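The lines below spell out each chain.
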Amino acid sequence: MSKGSLFIISGPSGTGKGTVCDELIRRGDVYLSVSSTTRDKRANEIDGVTYNFTDVEHFKQMIDDGSMLEWACYNGNYYGTPREAVEKMLYAEKNVILEIEPQGAFKVREKMPEAVLIFIIPPSIEILKSRLIGRGREDNEQIEKRLDAAKWEFLQAGRYNYIVENDDLQGCVAEVAGIMDNVVKMREKVRRLIDEAEQM
Ligand code: 5GP
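Criteria and cut-off values
- Residues numbered from 1 in each chain as written.
- Predicted model: local features only at pLDDT ≥ 70, side-chain atom pairs only at ≥ 80, totals over all residues.
- Heavy atoms only, no water.
- Helix = DSSP H or I, 4+ residues; strand = E, 2+ residues; numbered from the N terminus.
- Rg over C-alpha atoms; globule rule 2.2 N^0.38 Å.
- Buried < 20%, exposed > 50% of the residue type's maximum accessible area, 1.4 Å probe, protein only.
- Phe/Tyr/Trp six-rings, centres within 6.5 Å; stacked < 30°, edge-to-face > 60°.
- Lys NZ or Arg CZ within 6 Å of the ring centre and 35° of its normal.
- Pairing = 2+ DSSP bridges.
- 1 Å grid on protein atoms, 1.4 Å probe; cavity = no way out; pocket = protein on both sides within 12 Å on 5 of 7 lines; lining within 4 Å.
- Points joined across faces, edges and corners; volume = space filled by probe spheres on them.
- Nonpolar A, V, L, I, M, F, W, Y, C, P; charged D, E, K, R; others polar.
- Axes fitted to C-alpha atoms, helices over the stretch in contact; angles between N-to-C directions.
- Contact = heavy atoms within 4.5 Å.
- Salt bridge = Lys/Arg side-chain N within 4 Å of Asp/Glu carboxyl O.

> Explain the overall build of the chain here, please?
Within the chain, the secondary structure is distributed over seven helices and nine strands. Relative to the globule expectation of 16 Å for 200 residues, the C-alpha radius of gyration of the chain, 18 Å, shows essentially globular dimensions. Reported as C-alpha extents along the three principal axes, the dimensions of the chain are approximately 65 × 40 × 30 Å. A total of 200 residues make up the chain; the buried ones form 42% of that total.

Set out below in structure tokens:
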């Protein structure tokens, strides 16, 4: 049975990957997995839509009972992808995006080697910093921690299938969408080739 394609989008905090994912969802034909997290909800976030906000005890329970496809600790908070929702969408031949950090991305790749990993980079560290400060979501200590995490995250970029620069939002969205469309198209083509080859 054919399945949908799984895309993982990562990049340091402040690269704008969330906005890129929102735009990709608006284009249609792809679904965004809603992660669970133990981090505090921000004023503009909606429980069950932005994240499923939960506590550490419940999160650990979900790890123990195998309901997480992957999980990671980022800046002292747990984040994880609920397995069932993603698997259901893939089996329903829907294409799925996970917007997750690299530790989780590599755990998914181990389980699902066909996942396509896309890493978004900012044009410069200066711009990354000013985006983090400008969006006003985190205090200075959090911003420092996120910049610190970015150093390790940049070192992981070479392990991704694609690296895309988010200089201009629409250009970045078009590039990522192009990658995704091509993967889906080529996989369909390969499936047809396999069918033909079996009839030879
Ligand atoms: P934020 O606190 O800014 O919403 O997210 C912090 C980091 O956690 C981001 O890099 C984001 O991509 C990542 N993240 C969000 N959900 C998940 C998840 O389910 N699993 C993993 N491994 N990382 C996640």
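> Looking at this structure, I do not really get the packing of aromatic side chains. What am I missing?
Centre distance and the angle of the planes are the two values used to describe a pair of aromatic rings. One pass over the full model with this rule turns up seven aromatic pairs. Judged by centre distance (6.0 Å) and plane angle (80 degrees), the ring pair of Tyr74 and Tyr79 falls under edge-to-face. Taking relative accessible area as the criterion, Tyr79 reaches 14% and is therefore assigned buried. Following the ring pairs from residue to residue traces out a cluster consisting of Tyr51, Phe53, Tyr74 and Tyr79. Cation over ring: Lys107 sits above Trp71, and NZ or CZ is 4.3 Å from the ring centre.

> When you look at the pairing of strand β8 (residues 116-121) in this model, what are you seeing that I'm missing?
Along any regular strand the residues' side chains alternate between the sheet's two faces. The element β8 is largely enclosed, with a buried count of five among its six residues. The sheet contact formed by β8 and strand β9 (residues 162-165) spans four bridges and is parallel. Paired with Phe119 across the two strands is Ile163, which belongs to β9.

> Got a minute to help me understand unusual backbone geometry in this structure?
For residues besides glycine, phi is generally negative; the peptide bonds are generally trans as well. Even without being glycine, Asp29 reaches a positive phi, approximately 70 degrees. Take Asp29: it is sitting in the loop between α1 (17-27) and β2 (30-32). Exposure remark for Asp29: the relative accessible area of 69% places this residue in the exposed category. Backbone geometry places Asn75, a non-glycine residue, at a positive phi of 50 degrees. Within the fold, Asn75 resides in the loop between β5 (68-74) and β6 (77-82). Exposure remark for Asn75: the relative accessible area of 23% places this residue in the partly exposed category.

> What's the story with empty space enclosed by the protein in this structure? I'm lost.
Sizing a probe to match a water molecule and rolling it over the atoms shows the empty space that remains. Enumeration according to the criterion identifies one cavity of 30 Å³ or more in this entry. Roughly 30 Å³ of volume is contained in the largest cavity. Taken together, Lys3, Gly4, Leu6, Leu90, Met112 and Glu114 make up the lining of the largest cavity. Split by residue class, the lining of the largest cavity holds three nonpolar, one polar and two charged.

> Honestly, the packing of helix α4 (residues 102-111) against helix α6 (residues 140-156) in this entry has me stumped. Any pointers?
When two helices pack together, you describe them by how their axes are tilted relative to each other and by the distance separating the axes. Across the interface, α4 lies against α6 with an axial gap of 10 Å and an inter-helix angle of 35 degrees. Of the residues in α6, those in contact with Pro102, Gln103 and Phe106 of α4 are Trp152, Glu153 and Gln156. In terms of residue class, the contact of α4 with α6 is built from three nonpolar, two polar and one charged.

> It is not clear to me how the pattern of salt bridges should be interpreted in this structure. Could you clarify?
A side chain with one charge may pair with a side chain of the opposite charge, provided their charged atoms come close. All told, the structure shown has 13 salt bridges when counted by the stated rule. Among the salt bridges present, the one from Glu138 reaches Arg42, with a minimum N-O distance of 2.9 Å. Taken together, the positions of Glu138 in the loop between α5 (125-134) and α6 and Arg42 in the loop between β3 (36-37) and β4 (52-53) put the pair 96 residues apart, joining distant regions of the chain. Both residues of the pair, Glu138 and Arg42, belong to the buried class. Look at the salt bridges and you will find they share partners, linking Arg39, Arg42, Glu45, Arg135, Glu138 and Arg146 into a network.

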